[in-house]
Amino acid sequence: MDTRIQTADAGTAAKLASTREHCAPTEGAQLDRYMIVPHGYGEGASGQIWVADFNGPEPAPDVQSGAAVTSELRYWLRVEPADGAAATLARESIRRDVPIVFDRSAPGIAFTLVNLALLPGVHYRLSLWGLHDPSLALAHAECRGRPRTLEDGFNVWYGTCFYGDVDGGALSQAVEALPVAYRPQVSFLGGDQVYLDTAFSNTGWGASVIRGFSSRNFSPLGFRSRSKIRRKLNAVFTTEYLRNWRRGLRTKLQQGFHYFLAGDHEFWNDFPNPPGFLPALWSRKVRDTWQRCARELFDAYQLPSGACSSQFDVADALKFFVLDTRLQRARGQDANFTDPQTFAAATTWLRELDRPGVLVLPAPLLTRWQFRDGRLLKSLRVKLGLGDHSLADTGQYQDLVRAIRDCPQDLLILAGDVHFSRLARFDLGGKQVVEVVSSPLACLPSAVAGADQTLAVFPDRPTDHIRAEVEYLRAGSAIGDGGKRAANSCNNNFVTLRFEPGTVDGDVRVQILCWNITGCDAQQAPSVDWEMQDLVLHKRSAAKSETVPPVAPKDPATQTEEISEPC
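Residues numbered from 1 in each chain as written. Predicted model: local features only at pLDDT ≥ 70, side-chain atom pairs only at ≥ 80, totals over all residues. Heavy atoms only, no water.

1. Observations concerning the overall build of the chain
Cut-off, in case you're wondering: Put simply, DSSP H or I for four residues or longer makes a helix, DSSP E for two residues or longer makes a strand, and each gets a number counted from the N terminus. Throughout, exposure labels follow a simple rule: accessible area from a 1.4 Å probe, protein chains only, divided by the maximum for the residue type, with under 20% read as buried, over 50% as exposed, and the rest as partly exposed. It only takes one pair of heavy atoms within 4.5 Å for two residues to be counted as in contact.
Along the backbone of the chain there are 12 helices and 24 strands. By the burial criterion, 58% of the 567 residues in the chain qualify as buried. For the chain, restricting intrachain contacts to residue pairs at least 6 apart in sequence, the fraction spanning at least 24 positions comes to 73%.

Following this line, the structure appears as C-alpha cells:
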C-alpha cells in the first residue's frame, strides 16, 4: 500500500474528524488488539509502517499463508505532523487519514505494511482508528522523516536478546524514562526478540527449575503428523510473539523506525544446526516444520518487507548497511551465512564506501574461531550442538574480513547476541574500525556472560596476512557485588548513538552511551553504564590502499541439504 502527501477521501476523513478530534488512544483490550510499528525507511523520503490486528481472522485451512484477509470493519491510519521546520511543515497536510486493509495474515495475526510518504525531519504522530468505534484510537506510534542533514543530530538505538519472562516491565520503563536528547529516530533490534525454543521447553515439567530445559525437551514430536506438529508449535510460537509485542517490547516498538535482524532463538539455539540439548529437534521432520512455523511468524512480525539486507543514507554524511547473518545461514562448519547476492551487496558497499559507514550485524565481528587447532574441546562441543557457531566459524567470514580491510572509510559496527556490552577499536587498511556490542535486553538466566576482552588481534581466524591489534575502550558492568556468578554476569543494557557533524568537513562525531536497564538515576531515567564522548569517524581521502580481488563466495546449495528459506 502506497500513500503520498495528500488527504484521503474527504467525506470519510471529515466524518472521522468530527467524532474524534480530541480523542486519546483507548486502554485495555482494544489497545492490546492493535499495534502500529514504524518498520524502516522506504524509497525516497517514505517510511514503512506496519499495522497489525492480533485478533485478526484466521485464514481458512485451504488458504495459503500470507493470503488476503477479508473483514467488514474499516480502518484508517491517521498521520499528523507534530513538529519540524516551519518551511517543511508548510508542505504537509494538517493530517492525513490513510485507509488500512489488513491484506496479509499469519497464525494469530492480520497485518499490512504501508509505504507512507514523509517529509524530511518532520516528527509524526500515528494513530489507528476504526469506523466501528470512531470515538477511540485503537493504537498509536510516532516516527520522524529521514533528515537531510546531521546538523540537528541523528539518534540510533541498538539492542538484542529479550527474554520476556524475566523482564518484568523494566525495558518499557527504561525506554519511557530515556532523556529526550537520546531518543532514537532509528532502532536496530539485532536478534532474539523472541526465544521460541525456550518457550517450547517451558511448557513442560521441570521448567521452573531451569528455564529452557524440561520434560518437553524430550517430547516425541517426531512420531506425530506434520499437521499436529504444526498446530502444537504455532500455539506456542504465537503466544511468545504476542506476549513480547503486546507487552515487553510494545513501548519500544512505538517509538521511531525499526530494523529487525534474526538471532538463533527466533528458531532454536545455534540455528540451523541441530541443538544437542533439545532432542525433540533431532528429527528432520520436526526441524523442517519448526523452521517453517518460525519463519512464517518472523516474516509477519519482523520482516514483512522480505529484505534480508537494507541500506540507507543520512544526508551526504553517513551510510548504513543492515546485514542479517542468520536467516539464510547453512548448517555446519564453514557454511555461508547469507546468499551470494546479499553478500556481494555487503562487500561492494564496504569497498565502495565514500563516507563514514555503519555496518549493523546480529553478532560480533570480533570473535573467536572455534575450530582453530588446539581448541578440540570447544570445537567438539559446537559440533555436538552444545555450543554456538560464531561468525568466524562461517565460510564467508574471511571474505568479509577482506572487504573490511579494503574499506576506504572509517567504519562503525553494531553487534549483539553475546550477553555483554563492549566497545573496541582497531586500525586496519589506513582507517579505524569501531565495534559497539550491546546485549542482553533481558537475559536468559542460564546464559549469563561477562564482557570478553581477551581477543588481542583481529582476526582470530587467519586471513591472508591481515593483523590488527585490538584496543578495548569500555565494557559493561557486572550484576551484583560479589561471587563468581555475579562477576560473569553483565547488566541488561542497550546502547544509543548520536551522530553529529565533526569539526572537519565530512567527519562525523559520535556520542555512544550504554544504558543499564535496571539501574536508575535521580530522575528515574536509566543510568549510564559506560559512555564514549566525541568519538570521530573520519571521512578519508579518495586515495586508498590496494585491494585484493575477493574470493568468489561458496554456493550454499553445495554445502548442505538443509537451509533456511530464501528471503
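2. Focus on the sheet that holds strand S14 (residues 318-323)
Sheet strands line up and pair through hydrogen bonds in the backbone, either parallel or antiparallel. Short version of the rule: When DSSP finds two or more bridges between two strands, those strands count as paired. Helix axes use the C-alpha atoms of the stretch in contact, all axes being lines fitted to C-alpha atoms, and the angles between their N-to-C directions lie in the range 0 to 180 degrees.
Here seven strands make up an open sheet; going across it, the order is S13-S14-S15-S16-S18-S17-S21 and the pairing mixed. Each edge of the open sheet is held by one strand with a lone partner, namely strand S13 (309-314) and strand S21 (471-475). Averaged over all pairs of adjacent strands, the angle between their axes in this sheet comes to 15°, without regard to strand direction. With four bridges joining them, strand S17 (residues 422-428) and S21 adopt antiparallel strand pairing. Bridge assignment links Arg 425 to a residue of S21, and that residue is Glu 471. Along the sheet, helix H11 (residues 397-406) makes contact with strand S16 (411-415), S17 and strand S18 (431-437), crossing S18 at roughly 130°.

3. Quick word on H11
Counting buried residues along H11, nine of its 10 residues qualify, which places the element largely inside the surrounding structure. Residues of H11 that are buried include every one of Tyr 397, Asp 399, Leu 400, Val 401, Arg 402, Ala 403, Ile 404, Arg 405 and Asp 406, and no others. Looking at the packing, one finds that the buried side of H11 touches helix H9 (340-351), S16, S17, S18 and strand S19 (457-458).

4. Focus on the packing of aromatic side chains
Centre-to-centre distance and the angle between the planes together describe a pair of aromatic rings. We apply this condition: Pairs were defined over the aromatic rings of Phe, Tyr and Trp, the Trp ring being its six-membered one, requiring ring centres within 6.5 Å. Orientation was assigned from the angle between planes: stacked under 30 degrees, edge-to-face over 60, tilted for the rest.
If you walk through the whole model with that rule in mind, you get 29 aromatic pairs. Ring geometry for Trp 50 against Tyr 301: centres 5.8 Å apart, planes inclined by 40°, an arrangement best described as tilted. Remark: Tyr 301 occurs in helix H8 (residues 284-301) and Trp 50 occurs in strand S3 (residues 46-53); sequence separation between them is 251 residues. Residue classification places Tyr 301 among the buried residues on the basis of a relative accessible area of 1%.

5. Considering the side chain of Asp 192
So the rule is basically this: Positive charges come from Lys and Arg, negative ones from Asp and Glu, while His and the chain ends are left out of the count. For this document, the term salt bridge refers to a Lys or Arg side-chain nitrogen within 4 Å of an Asp or Glu carboxyl oxygen.
For Asp 192, the position within the fold is in the loop between strand S11 (186-189) and helix H5 (196-201). Of the side chains bearing the opposite charge, Arg 326 lies closest to the buried Asp 192, which forms no salt bridge; the N-O distance is 6.9 Å.

6. Let's talk about the nonpolar core
For soluble globular proteins, the rule of thumb is that nonpolar side chains tend to be buried together. Heads up, the condition is: Nonpolar core, defined: a set of buried Ala, Val, Leu, Ile, Met, Phe, Trp, Tyr and Cys residues in which side-chain atoms within 4.5 Å join the residues together.
In this structure, Phe 188, Leu 412 and Phe 499 are the most contacted members of the largest nonpolar core, which totals 57 residues. Not counting chain neighbours up to four residues away, the residues in contact with Phe 499 comprise Leu 150, Gly 153, Phe 154, Val 156, Leu 318, Phe 320, Val 358, Val 508, Arg 509, Val 510 and Leu 537. Within the second largest apolar cluster, 56 residues are counted, among which are Ala 174, Leu 178, Ala 199 and Ala 262.

7. Points about the sheet that holds strand S8 (residues 123-130)
Taken in spatial order, the four strands line up as S5-S4-S8-S9 in an open sheet, and their pairing is antiparallel. Two strands bound the open sheet, and with one partner strand each, they are strand S5 (96-100) and strand S9 (137-144). The mean angle between the axes of side-by-side strands here comes to 25°, regardless of whether they run parallel or antiparallel. Here strand S4 (residues 75-83) runs beside S8; their pairing, made up of eight bridges, is antiparallel. Paired with Pro 81 across the bridge in S8 is Tyr 124.

8. Digging into the side chain of Glu 435
The condition that has to hold: Here a polar contact is taken to be a pair of N or O atoms separated by no more than 3.5 Å, where protein atoms must pair a possible hydrogen donor with a possible acceptor and residues adjacent in sequence count only if both atoms sit in side chains.
Considering the arrangement of structural elements, one finds Glu 435 in strand S18. Within the structure, the side chain of Glu 435 is placed 3.0 Å from the side chain of Arg 422, a separation counted as a polar contact. Once you skip the residues sitting within four places of it in the chain, Glu 435 turns out to touch Pro 364, Leu 365, Leu 366, Ile 413, Ala 415, Arg 422, Leu 423 and Ala 424.

9. Re the pattern of salt bridges
Scanning the entire structure with this criterion turns up 27 salt bridges. A salt bridge links Asp 288 to Arg 284, with the shortest nitrogen-to-oxygen separation between them at 3.1 Å. Of this pair, Asp 288 and Arg 284 are both found in helix H8, four residues apart, which corresponds to roughly one turn of the helix. Put simply, Arg 402 and Asp 464 hold a salt bridge, and the shortest N to O gap is 2.9 Å. Here Asp 464 lies in the loop between S19 and strand S20 (468-469) and Arg 402 lies in helix H11, a separation of 62 residues in the sequence.

10. Things to note about the confidence of the model for the chain
Selection criterion: Confidence scores labelled pLDDT are given residue by residue by the predictor and lie between 0 and 100.
The predicted model of the chain has a mean per-residue pLDDT of 86, with 83% of residues at 70 or higher. For residues 2-27, every residue scores under 50 in pLDDT, and the model assigns this stretch 53 contacts once sequence neighbours within four places are set aside. Here residues 57-64 scores under 50 on pLDDT; set against residues more than four positions off or in separate chains, the count is six contacts.

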